[in-house]
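# Structural features, examined
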Amino acid sequence: MIILRGKQLIIATLSGFLVLGTGFTANARAKKADNRSTVVNVAFKASNENDLTNYVYDTVDPNSANYHKYLSPSEFAQKFGQSDSYLSSFRSYLNRYHLSTYAYPGNLSLKIRGTKANVNKAFKAKYVKEKGHESKTTYKLPGKLSKQVVAVIGVYAPKPKTKKAAKKTPAKKKSAKKAAYIPSILKSADVPVSDNKPNTNVTGNAFSKKYGALKFADRYQLNNLYDKGLQGQGQRIGIISHADFRIGDIKTYWEQTGVNTDTSRIHRIYTVGGEKAVQKISGRLMTPGQLEASLDVQSASSVAPKANIDVYIAEPSNDATTTPSAHYTAFMSAISDNDDKQISTSFGPSVETNSEWPDHSSTLKQYNHAYNLMLEQAAAQGISVFRASGDYGRSESPTGKENHVVSTSPYQVIVGGTTLPYTKILHNKLIKVAKERAWGDTYSVSPAEIKAGVFPGSGGGFSALNPTPRYQLGVPGVNTFRAIEALKYVGNGRYTINKNPKVITGTGHSRNLPDVAGNADTQTGYATYFSGNQASIKGKSLSIKPAKIWMVGGGTSYTSPQMAAANAVMNGDRSTPIGFWNPQIYKFAQQPDTPFNVLDDANNNNNLYYTGQPGTLYNQATGLGTINFEKLYQKFNSESPSN
């Protein structure tokens, strides 16, 4: 799972390679007007939000007249979007400031592109110093335009210059060559990796069963759908990414795993930075984002080997666009294009903490509102959305408190992680996991990981922003929890193993996550291949050399695109898409022939905090549990309207 934040120089090591990048530099005060190109989004209210929510639920209710009556973006606009005349007025106003505008089909938002200086003029942007935050940007729009706005995402007004006389400093010699821009809206690379390397002497199905798609398919009964000839044909899978990847890396992976190597089924859509500029940037150095993008595409394309893959790349060619705006842009582009009936992402713009929120003009609450409306449009169009839950237990933020990756929207399937059974000798210890369990690892971590105070585990718990959705109400285990304090927070984002952990029970009152889970442990993980320029430091010297890397990795970053691909396999022979999963799967979970394997063991089964709860159907470590896809496919297909 990649969390996008910014604000600082990054020097991090990941699986033996060095990542260098510069963070979001909106604080830089230029003497001249800021003419860097930026992308801003204005999100609007739905015409009737209650009607929209009810319609979304109706699309997957067999007793409703609207069952599987999915809307096109133009139909959505007529039914729930803002009027064309309102959007036209908005666009006319912005055009006066030399800003280009694009109304996403569906009429829920506008994409605005132009210089930062012109954006600030159009929105009358002002810098406001705010306690506990870097700064805040206020904006002002004409009254008639502002009434339907939910959030303005990505506007930034720099701190005004003081009039103090500048001290004279000796002139510096200009460097002969300007340093190359290396983007990084990536503060952390939350993709756990192991020291294991896959055995590349094994190829084809044997490799796939040990390290790839067939390992996933065999474990979760998707192979029974393969036997029926279902491989995702006729389907497109959308991947929301904040980094580019090398097509050649995907082809190399396919060759190793025995997948058809026709790369024409991969399509890249550049939603923020231009294609040439982004590819030039991504070619300079390996980055965590490249790794994430590569494994997302490799995972989805191999689980659904006959599906097309559309990768929406929200990587700026400069640091002028905020990460929340870039993330929203990619998602809204995919949803309004309406080509992909399953979308997955392993990226998120931040966590649910105001002090960590990187956007200046939209609050976290406003962004969450806009995000929910966007995903409701997806559901109304029959799109199933999947999101990785995170890879470091309940806390993705260096505060020691429960925080989750944005968004915890109830209109998506949040995917947690498990550990498969294994027996290994690691760090001079015999490690034995007897049965599949929640992923939360303090028993196999290395001395270096213990010293670093970082412990991998599935994201899960309770949302800080979204209330308990109607499909979770009354489900045994929802809004109650059992937890064990496996870790103790010691500050600076570090934890230590708690020698005397306490067991805690309690209740919650918000959206519970995750919804489902699958294998995500690095010790039982999957192979990934990627290549590029690898940087390394010896002493004071930096060297950059080409590298080709095979690795075994883990994380919910693998499981989410696998789930999206499994959805494409199930959608392959359907006349209408499966659509909004959650109301359906929570209903199926309460039926006698449930397609879920509940991991309810309270012992040796936690995500570093939450445990199973015996006798319940849900827990905040693994959600409803793991999936038998053959049974789930039958359940989806057995649904039929009553009228």
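The structure this text deals with has already been given above.
Overview of the structure. In every chain, residue numbers begin from 1 and rise along the written sequence. Note on the predicted model: pLDDT of at least 70 is required for a residue's local features to be given, and 80 or more for side-chain atom pairs to be given and counted; whole-chain, interface and lining totals, by contrast, use all residues. In computing side-chain values, all of the structure's heavy atoms are included and hydrogens and water are not.

### Describing the packing of aromatic side chains
Pairs of aromatic rings are described using the distance from one ring centre to the other and the angle between the two planes. Two rings belonging to Phe, Tyr or Trp (six-membered ring only in the last case) form a pair when the distance between their centres is within 6.5 Å. Interplanar angles under 30 degrees mark stacking, angles over 60 mark edge-to-face geometry, and anything in between is tilted. Counting across every chain of the model gives 32 aromatic pairs. Between Trp 581 and Phe 636, the ring centres sit 5.7 Å apart and the planes meet at 50°, which makes this aromatic pair tilted. You can see Trp 581 sitting in helix H16 (residues 581-589) and its partner Phe 636 sitting in helix H17 (residues 629-638), a full 55 residues away along the chain. For each residue, the accessible area found with a 1.4 Å probe, counting protein chains only, is set against the maximum for its type, and the residue is called buried under 20%, exposed over 50%, and partly exposed in between. On the accessibility criterion, Trp 581 (1% relative accessible area) is buried. In this structure Phe 636 comes out as buried when scored by relative accessible area, which is 2%. Two conditions define a charge sitting above a ring: the NZ of Lys or the CZ of Arg must be within 6 Å of the ring centre, and it must be within 35 degrees of the ring normal. Residue placement shows Lys 215 over the ring face of Tyr 526; its charged tip is 5.6 Å from the ring centre. Over the ring of Tyr 57 we find Arg 470; its NZ or CZ atom is 4.1 Å from the centre of that ring. Counting from the N terminus, the helices are DSSP H or I runs at least four residues long and the strands are E runs at least two residues long.

### Notes on the pairing of strand S5 (residues 100-103)
Where burial is concerned, the two faces of S5 differ: the one with Thr 101 and Ala 103 is buried and the one with Ser 100 and Tyr 102 is not. Here, strands pair whenever DSSP counts at least two bridges between them. Relative to strand S6 (residues 109-115), S5 runs antiparallel, the two sharing four bridges. Opposite Tyr 102, over in S6, you have Lys 111 as the bridge partner.

### Thoughts on unusual backbone geometry
At the junction of Val 406 and Ser 407, the peptide bond is cis and its omega measures out at 20° in the coordinates. Along the chain, Ser 407 turns up in the loop between strand S16 (384-388) and strand S17 (413-419). In this chain, Leu 513 is followed by Pro 514 through a cis amide linkage whose omega measures 5°. The topology assignment puts Pro 514 in the loop between strand S26 (512-513) and strand S27 (516-519).

### Here's the deal with the environment of Asn 372
When you line up the elements, Asn 372 lands in helix H13 (residues 364-380). A relative accessible area of 11% means that Asn 372 is categorised as buried. Any two residues whose heavy atoms approach within 4.5 Å at even a single point are treated as in contact. Discounting residues that sit within four places of it in the chain, Asn 372 has contacts with Ser 409, Pro 410, Tyr 411 and Asn 466.

### Some points on the pattern of salt bridges
By definition here, a salt bridge exists when the distance from a side-chain nitrogen of Lys or Arg to a carboxyl oxygen of Asp or Glu is within 4 Å. Tallied over the full model, the rule gives eight salt bridges. A salt bridge links Arg 511 to Asp 515; the shortest N-O distance between them is 2.9 Å. Assessed through its relative accessible area of 0%, Arg 511 is described here as buried. Ionic pairing is found between Lys 587 and Glu 639, a salt bridge with its closest N-O pair at 2.6 Å. Note that Lys 587 is positioned in helix H16 and Glu 639 in the segment after H17, a separation of 52 residues in sequence. The partly exposed category is assigned to Lys 587, whose relative accessible area is 31%. Residue class for Glu 639 comes out buried when judged on its relative accessible area of 16%.

### So, a nonpolar patch on the surface
Patch criteria: residues need more than 30% relative accessible area and no salt bridge. Like-charged residues are merged within 9 Å; nonpolar side chains of Val, Leu, Ile, Met, Phe, Trp and Tyr are merged within 5 Å. For the accessible areas, the method is Shrake-Rupley and the probe is 1.4 Å, while residue cover comes only from the protein chains on display. Taken together, the side chains of Ile 537, Leu 542 and Ile 544 define a hydrophobic patch exposed on the protein surface, amounting to about 280 Å² of accessible area. By the secondary structure assignment, Ile 537 is in strand S28 (residues 526-538).

### Some points on the nonpolar core
Here, nonpolar core refers to any group of buried Ala, Val, Leu, Ile, Met, Phe, Trp, Tyr and Cys residues whose side-chain atoms link them within 4.5 Å. In terms of nonpolar packing, the biggest core is built from 117 residues, with Leu 222, Ile 237, Trp 581 and Phe 629 touching the most fellow members. Tallying contributions element by element places H13 first for this core, with 10 residues. Beyond its immediate stretch of four places on either side in the chain, Phe 629 contacts Phe 216, Tyr 220, Gln 221, Leu 222, Leu 225, Met 563, Ala 566, Met 570 and Trp 581.

### What about the environment of Asn 224?
Looking at the element boundaries, Asn 224 is found in helix H8 (residues 223-226). When the C-alpha positions of Asn 224 and Asn 628 are compared, they lie 10.0 Å apart, and in sequence the two are 404 residues distant. Two N or O atoms form a polar contact when they lie within 3.5 Å of each other; inside protein one atom must be a possible hydrogen donor and the other a possible acceptor, and for residues adjacent in sequence the pair counts only when both atoms belong to side chains. Separated by 2.9 Å, the side chains of Asn 224 and Glu 630 make a polar contact.

### A word on a positive patch on the surface
In this tally, Asp and Glu contribute negative charge and Lys and Arg positive charge; neither His nor the terminal groups of the chain are included. One atom stands in for each charge, and that atom is NZ of Lys, CZ of Arg, CG of Asp or CD of Glu. A cluster of basic residues, Arg 96, Lys 124, Lys 126 and Lys 140, forms a positive patch on the protein surface. Relative to the assigned elements, Arg 96 resides in the loop between helix H3 (84-95) and S5.

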